[in-house]
Amino acid sequence: MKPRTSSFAEGPTLFGDLDEAQPVAVSSDRLPSYITDHRKRLRERFLTGGAEAMPDYELLELILFRALPRQDVKPLARRLLDVFGSFGHVLAAPPARLTEVTGVGEAVVQELKIVEAAAQRLARSRVLQRPVLSSWQALLDYCHTAMAHRPTEQFRVLFLDRKNLLIADEEQARGTVDHVPVYPREVVKRALELDASALILVHNHPSGDPTPSQADIAMTDQIRHAAEALGLVLHDHLVIGKGRELSFRAEGLL
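Residues numbered from 1 in each chain as written. Predicted model: local features only at pLDDT ≥ 70, side-chain atom pairs only at ≥ 80, totals over all residues. Heavy atoms only, no water.

Details of the overall build of the protein chain
Inference 1: Within the protein chain one finds 9 helices and 5 strands.
Inference 2: When the elements of the protein chain are put in sequence order from the N terminus, they spell out α-α-α-α-α-α-α-β-β-α-β-α-β-β.
Inference 3: Here the protein chain holds 254 residues, and 45% of them are scored as buried.
Inference 4: The contacts of the protein chain with a sequence gap of at least 6 include a subset with a gap of at least 24, amounting to 60%. (Helix = DSSP H or I, 4+ residues; strand = E, 2+ residues; numbered from the N terminus. Buried < 20%, exposed > 50% of the residue type's maximum accessible area, 1.4 Å probe, protein only. Contact = heavy atoms within 4.5 Å.)

Structure follows, in structure tokens:
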């Protein structure tokens, strides 16, 4: 028989037939009833109880439904969690690492990365063009969403205007699991290009422990001195760990 195909445009509801987004080959016209019933139950539970009503592997199954519309995805959801450790780490995993997991192809990677991007954009919208210092928890939530689950270190700079509104959030460097190269001159130069008045530095520790290293402290001090020489204010340096963060200012390091 010919492969059954469908398109995104044909799907009528949020969790209805949208998982038919890609052409797939099937051996019959219908899914086995146990898979159909299981998917229906998960969708209903999500719509009535929200994400809090579901463990991580079931929430992951909902994402995988779209990518793999013709198979039981529970084993793959559990396998991904076993490999990466948590829902957040699955979403943040690099595509190359994801495809090392049996059963993960381009469609699965695409769905996971769409959800990751949506989560980051939502968190970022809660701090963009708002006074950052009075929306501190929203800022911390955004930083955790964007960085806490990354497998390598990333250094970002949040550039603020005179009213402490966030005008730019830019990645300055990526590194290894325990080091990221940072050039204070480039940070200050970019602040001047953006006509920023203040900065917040942010980087993550993939180990999960946000305790700053001596190199972190020295680099922060260099940026602070360079910024002050040009009339810029360094409000804070945040180190993002797993489930918690460290503020240089709160710790008396700034």
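Concerning the packing of aromatic side chains
The geometry of an aromatic ring pair is captured by two quantities: the separation of the ring centres and the angle between the planes.
Inference 1: Throughout the structure, instances matching the rule amount to 0 aromatic pairs.
Inference 2: In this structure, R78 packs its charged tip against the face of Y57, placed 3.8 Å from the ring centre. (Phe/Tyr/Trp six-rings, centres within 6.5 Å; stacked < 30°, edge-to-face > 60°. Lys NZ or Arg CZ within 6 Å of the ring centre and 35° of its normal.)

Observations regarding the pattern of salt bridges
When charged atoms on two side chains of opposite charge get close, those side chains can pair.
Inference 1: A complete count under the given rule lists 10 salt bridges for this structure.
Inference 2: Put simply, E58 and R45 hold a salt bridge, and the shortest N to O gap is 2.4 Å. With a gap of 13 residues between them, E58 in helix 2 (residues 56-67) and R45 in helix 1 (residues 33-49) connect regions that are remote in the sequence.
Inference 3: A salt bridge links E100 to R97; its shortest N-O distance comes to 3.1 Å. (Salt bridge = Lys/Arg side-chain N within 4 Å of Asp/Glu carboxyl O.)

Considering the nonpolar core
Inference 1: With 28 residues, the main nonpolar core has L60 and L80 as its most contacted residues.
Inference 2: Not counting residues within four places of it along the chain, the set of residues in contact with L60 comprises A77, L80, L81, F87, V90 and L112. (Core = buried A, V, L, I, M, F, W, Y, C linked by side-chain atoms within 4.5 Å.)

So, helix 9 (residues 214-229)
At 3.6 residues per turn, the α-helix brings residues three or four places apart onto the same side.
Inference 1: Between its first and last C-alpha, helix 9 extends 23 Å over 16 residues, near the 22 Å set by a 1.5 Å rise per residue.
Inference 2: Listing the buried residues of helix 9 in full gives D216, M219, T220, I223 and A227. One side of helix 9 holds all its buried residues, which, seen down the axis, span an arc of 100°. In helix 9, the exposed positions that point more than 90 degrees away from the buried face belong to Q214 and A229.
Inference 3: In this structure, the buried side of helix 9 is in contact with strand 1 (154-160), helix 8 (184-193), strand 3 (198-204) and strand 4 (233-240).
Inference 4: Among the residues trailing helix 9, G231 stands out with phi positive, at a value near 80°. (Expected span 1.5 Å × (residues − 1). Arc of directions from axis to C-beta.)

Section: helix 2
Inference 1: Between its first and last C-alpha, helix 2 extends 17 Å over 12 residues, near the 16 Å set by a 1.5 Å rise per residue.
Inference 2: Taken across its 12 residues, helix 2 has 10 buried, putting it largely inside the fold.
Inference 3: Taken as a whole, helix 2 has its buried residues at Y57, E58, L59, L60, E61, L62, I63, L64, F65 and A67.
Inference 4: Buried residues along helix 2 sit against helix 1, helix 3 (74-84), helix 4 (87-92) and helix 6 (106-125).

Notes on the confidence of the model for the protein chain
Inference 1: Averaged over every residue, the pLDDT of the protein chain is 82; residues scoring 70 or more account for 84%.
Inference 2: A low-confidence stretch, residues 1-28 stays under pLDDT 50, and its non-local contacts, those more than four residues away or across chains, total 40 contacts. (pLDDT = per-residue confidence, 0-100.)

Some remarks on the packing of helix 2 against helix 6
Inference 1: Between helix 2 and helix 6, the shortest axis-to-axis distance is 8 Å and the interhelical angle comes to 130°. One finds that helix 2 runs oblique with respect to helix 6. Considering how the two elements wind past one another, helix 2 and helix 6 form a crossing that is right-handed. Within the contact between the two elements, helix 2 uses L60, I63, L64, R66 and A67 and helix 6 uses A107, V108, E111, L112 and V115. (Axes fitted to C-alpha atoms, helices over the stretch in contact; angles between N-to-C directions. Parallel < 35°, antiparallel > 145°, perpendicular 65-115°, else oblique. Left-handed = near helix turned anticlockwise from the far one by under 90°.)

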